Amino acid sequence: MSKLPLYVFKISIIGQPAVGKTSLVKKYVTEKFSEEYKSTMGANIYLKNIELKGNRIKLTLWDLAGDDRWSQMQDVYFQGAQGALIVYDVTRKSTYNQIEQRWMDELDKYVKEPKFQTILVANKMDLPNKEVTKEDGLKLQKRINAHGFIETSAKTGDKVDEAFTELAKLLITKF
Ligand code: G3D
Ligand code: MG
């Protein structure tokens, strides 16, 4: 048994349908559990144990199973969460716009944790037909006060670990 301190964090993955939320989580995790949540709550929960700066960290990653149940489960989805990855698809500007038009309101409404940490994730960087630039991403990060910004590809795996690790690092310094 390791004597290192153990942190347990809940991270919610948010963003429009098909931006790559599930792909990002699946690329990152080692183990999935609570399959039954899918039917009851509209979320899949994934688990990842990591070691960071001498700390053992258990991340529970909440991924929306579908958009249809969302209006019934916002409370549960954010309840007890310390952080979120806010994801858009660089090939669809509408998914970028929806972060301010939709997702920030959801966070304002349902997140009770004052130290809540967020990372803005620009996904599908491997694709050539981009509608959103890095500069757009950095501007949005500023406007929404996200604590980090990262460009990923869930397809190639580029920067996927870094997105989760960056959030985990923020969480151990804040909680
Ligand atoms: P969601 O969970 O946000 O709804 P998914 O999104 O993870 O289900 O991904 C939606 C589609 O985008 C999937 O395509 C998936 O393979 C693709 N995708 C996700 N991330 C990336 C990426 O970084 N690059 C590329 N090129 N594609 C990505 P399908 O065709 O399986 O529906
Ligand atoms: Mg999904």
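Draft legend 1. Region of the structure containing the pattern of salt bridges. For the structure on display, the rule yields 3 salt bridges. Its salt-bridge partner being aspartate 89, residue arginine 92 comes within 3.0 Å of it at the nearest N-O pair. Between lysine 124 and aspartate 89 there is a salt bridge, with the nearest N and O atoms lying 3.2 Å from each other. Pair noted here: lysine 124 is in the loop between strand E6 (117-123) and helix H5 (134-144) and aspartate 89 is in strand E5 (residues 83-89), with a separation of 35 residues, a long-range link. The partly exposed category is assigned to lysine 124, whose relative accessible area is 22%. What you see here is one network of salt bridges that share partners, running through Asp89, Arg92 and Lys124.

Draft legend 2. Representation of the nonpolar core in the model. In terms of nonpolar packing, the biggest core is built from 57 residues, with Leu59, Leu61, Tyr77, Tyr88, Ile99 and Leu120 touching the most fellow members. At 8 residues, the largest contribution of residues to this core is made by helix H6 (residues 160-174). Setting aside its immediate chain neighbours within four residues, leucine 120 contacts Ile86, Tyr88, Ile99, Gly137, Leu140, Gln141, Ile144, Ala146, Gly148, Phe149 and Ile150.

Thresholds, definitions, all that
Residues numbered from 1 in each chain as written. Chains lettered and ligands numbered in written order. Predicted model: local features only at pLDDT ≥ 70, side-chain atom pairs only at ≥ 80, totals over all residues. Heavy atoms only, no water. Salt bridge = Lys/Arg side-chain N within 4 Å of Asp/Glu carboxyl O. Helix = DSSP H or I, 4+ residues; strand = E, 2+ residues; numbered from the N terminus. Buried < 20%, exposed > 50% of the residue type's maximum accessible area, 1.4 Å probe, protein only. Core = buried A, V, L, I, M, F, W, Y, C linked by side-chain atoms within 4.5 Å. Contact = heavy atoms within 4.5 Å.

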